[in-house]
Amino acid sequence: MRLPQTICVCLILLIISSCKEKAKQLSYPSDTKPLDVTHEYFWETPSSSKIHFQDSNTAISIDSFYAIHKYKCLWHDGISWRKSAYELQKVVSHAEYYGLCSGFYDLPVLDSSEKSNTIIIQKDVSLSRCLVQFCSHLRYGVPSGDKLFYTDSGSLQTTLSKLDFTKPLIPQLELFEPNNIFYTELKNALTAYLDEFSILDVKVPVEYVKSDSLENIRKARRALFFSGFLSDSLVDDLHFEAALAMFQRMHGLQADSTLGRNTARLLQLSNQDRFLKAACVLNQLKREVFPSTYLLVNIPGFYLDVVQNNKRIVRHSVVVGKYSTATPRLISRLSNVQLNPFWNVPYSISSKEMLPKIKSDTNYLKRNRLTLLDKEGKAIDSKAVEWKDVSESTFQYRIQQEPGNRNALGNIKFNFPNRHQVYLHDTDSRGLFDNDNRAYSHGCVRVDKPVQLASVLLGLDSQFIPSDTLKSQIKKGSRKAYSFRTDVQIRISYYTSMTDAKGIIQFYDDIYRLEDKTMMEKFKKYLH
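1. Section: the pattern of salt bridges
Next up, step 1: Taken as a whole, this structure holds 20 salt bridges when the rule is applied.
Next up, step 2: Ionic pairing is found between Asp-106 and Arg-129, a salt bridge with its closest N-O pair at 3.6 Å. You can see Asp-106 sitting in the loop between helix H3 (83-93) and helix H4 (117-140) and its partner Arg-129 sitting in helix H4, a full 23 residues away along the chain.
Next up, step 3: Since its relative accessible area comes to 53%, Asp-106 is described here as exposed.
Next up, step 4: Residues Glu-288 and Arg-491 are paired through a salt bridge, measuring 3.8 Å at the closest nitrogen-oxygen approach. Taken together, the residues span a long stretch of sequence, with Glu-288 in the loop between helix H10 (271-285) and strand E1 (294-298) and Arg-491 in strand E14 (residues 489-493) at a distance of 203 residues.

And the structure:
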């Protein structure tokens, strides 16, 4: 429903008066009268000669934008189009470098010989509409559903009022973008990627076979050629292997030049698929609010980053949940670091996975340093239980594993409150960190080099403890728990495109099938 025009005008005046910084006024040639842009150009009218705005808030944004500049043309000085008009035309026509689509915007064609004042004003307003919509996308992202733009009549206009048309426009667009390290790194990495690779939607059905067939190698060569990693699909083996290794590095895989299962699956993607991954992650990051210091686990990337003052200070490899026992996405606060933890086996594991092993092996519990507990938490003799009468549905016990090197949680555990009862921890299966796909757990996150991570995180909490001290305490059997005295946020997130530690773009497998395919189709529709 469209707001009454009188109400909108009042809103415009309120917005303008709230702007603390006065916009720098544009200059016009002394012998030229600048063209006036009247209110009728911002609202729906029966006349086909006017620019139509379906959304009232969009019209408010445009109207308030012109009001700041006394309703004079912003992009045309009365004689010719300003440099800023061509700057805007350039940036919007290359919106893909910002993880957007140039097809989102109805960009007018600028004719330097245009004489019709009406057409000039129409195009001036169209340019302003493109700017407002582009800046809306930079700040808020592309909304889900049928809408193409978020409508906002407050903070966006305040920022727009700070634009100085007497200065280069493109650097000022950073005012609208998120001030977050992951957004900035990914956008810069996407820019570098698009400078080198096209966005072709060409897919090659590369398959995984245990022994590389000549046909499959031929398909892999074609996939690398269409993706831009090879200049010719008929190059020699050395060039092919080098290109395959480069492809693997860009997809978070071991660069072994071997056509394995994970490599084959990711070779099936087109460059357009890869762009859509990055674009949708950038869109997602615009909607998230990050503190200055936190720990972030990226599930598809199999890593965690520690960020301090919006700078990454360390990265660790992780193991996450299997598809059937997926690691949940969440935001919480670290509560403590526990040395030499007990493992209280989740009921789903003890009743489903351990019970059959206990039934078939009377020494299973003892050999794995597992203690059987009753409902009250008291230890009981497992040999006193008639296991043949116990089933998954009648299992009424708890199982706890003693601390030590064979403990499933390893030597250290990071606790944080959450309804999923998951946590970060060490592991007794450290060989898993050598694998490309590290989705093996029951939902918790296993961390490589956890003692070093604990030292870093405690340091963020102003209680730095050297790694060697923690290792010594662990070795002595200490069960000390270090509580966090300040809020250190932990975010377990799902991003299928990010950057590596060197800032090179990465495209990850969608291991839980959580990518927003509807949003991807929306972007794809407007790709040029």
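2. Brief notes about the sheet that holds strand E7 (residues 370-373)
Next up, step 1: Strand order in the open sheet made by the three strands is E6-E8-E7, with antiparallel pairing throughout. The open sheet terminates on both sides in strands that have one partner only, identified here as strand E6 (343-344) and E7.
Next up, step 2: Along the sheet face, helix H11 (residues 347-360) touches E6, E7 and strand E8 (398-401) and points at about 80° away from the line of E8.

3. Description of the side chain of Arg-312
Next up, step 1: Within the element layout of this structure, Arg-312 appears in strand E3 (residues 311-321).
Next up, step 2: A polar contact of 2.7 Å, which involves the side chain of Arg-312, links it to the side chain of Glu-185.
Next up, step 3: Those residues in contact with Arg-312, other than ones at most four positions away along the chain, are Ile-181, Phe-182, Glu-185, Asp-305, Val-306, Val-307, Thr-499 and Ala-501.

4. Some details on the environment of Gln-338
Next up, step 1: Examined against the element boundaries, Gln-338 turns out to sit in strand E5 (residues 336-339).
Next up, step 2: Not counting residues up to four positions away in its chain, the partners in contact with Gln-338 are Asn-411, Ile-412, Lys-413, Asn-415, Arg-479, Lys-480 and Ala-481.

5. Remarks on helix H15 (residues 517-525)
Next up, step 1: Listed as buried for H15 are Met-519, Met-520, Lys-522 and Phe-523. End-on view of H15: buried residues confined to an arc of 160°, all on one side of the axis. Of the exposed residues in H15, those oriented more than 90 degrees away from the buried face are Thr-518 and Lys-525.
Next up, step 2: Buried positions along H15 lie against H10.

6. Quick look at the packing of aromatic side chains
Next up, step 1: Counted under the stated rule, the structure contains 19 aromatic pairs.
Next up, step 2: Look at Tyr-105 and Phe-134: their rings are 5.7 Å apart centre to centre, the planes differ by 70°, and that puts the pair in the edge-to-face class. Linking Tyr-105 in the loop between H3 and H4 with Phe-134 in helix H4, this pair joins segments that are 29 residues apart in sequence. With respect to burial, Tyr-105 and Phe-134 carry one shared label: buried.
Next up, step 3: Summarising the aromatic geometry, the rings of Tyr-193 and Phe-507 are spaced 5.3 Å apart at their centres and angled 65° between planes, so their arrangement reads as edge-to-face. Of this pair, Tyr-193 sits in helix H6 (residues 181-196) while Phe-507 sits in strand E16 (residues 505-507); the two residues are 314 residues apart in sequence, bridging distant segments of the chain.

7. Regarding the packing of H10 against H15
Next up, step 1: Packing of H10 against H15 leaves a shortest axis separation of 10 Å and a crossing angle of 115°. The orientation of H10 relative to H15 falls into the category roughly perpendicular. Judged by the twist between their axes, the crossing of H10 over H15 is right-handed. Where H10 approaches H15, its residues Gln-272, Leu-276, Lys-277, Ala-279, Cys-280 and Asn-283 are matched on the opposing element by Met-519, Met-520, Phe-523 and Lys-524.
Next up, step 2: Looking at the contact of H10 with H15 residue by residue, the classes come out as six nonpolar, two polar and two charged.

Criteria and cut-off values
Residues numbered from 1 in each chain as written. Predicted model: local features only at pLDDT ≥ 70, side-chain atom pairs only at ≥ 80, totals over all residues. Heavy atoms only, no water. Salt bridge = Lys/Arg side-chain N within 4 Å of Asp/Glu carboxyl O. Helix = DSSP H or I, 4+ residues; strand = E, 2+ residues; numbered from the N terminus. Buried < 20%, exposed > 50% of the residue type's maximum accessible area, 1.4 Å probe, protein only. Pairing = 2+ DSSP bridges. Contact = heavy atoms within 4.5 Å. Axes fitted to C-alpha atoms, helices over the stretch in contact; angles between N-to-C directions. Polar contact = N/O pair within 3.5 Å; in protein donor to acceptor, adjacent residues only side chain to side chain. Arc of directions from axis to C-beta. Phe/Tyr/Trp six-rings, centres within 6.5 Å; stacked < 30°, edge-to-face > 60°. Parallel < 35°, antiparallel > 145°, perpendicular 65-115°, else oblique. Left-handed = near helix turned anticlockwise from the far one by under 90°. Nonpolar A, V, L, I, M, F, W, Y, C, P; charged D, E, K, R; others polar.

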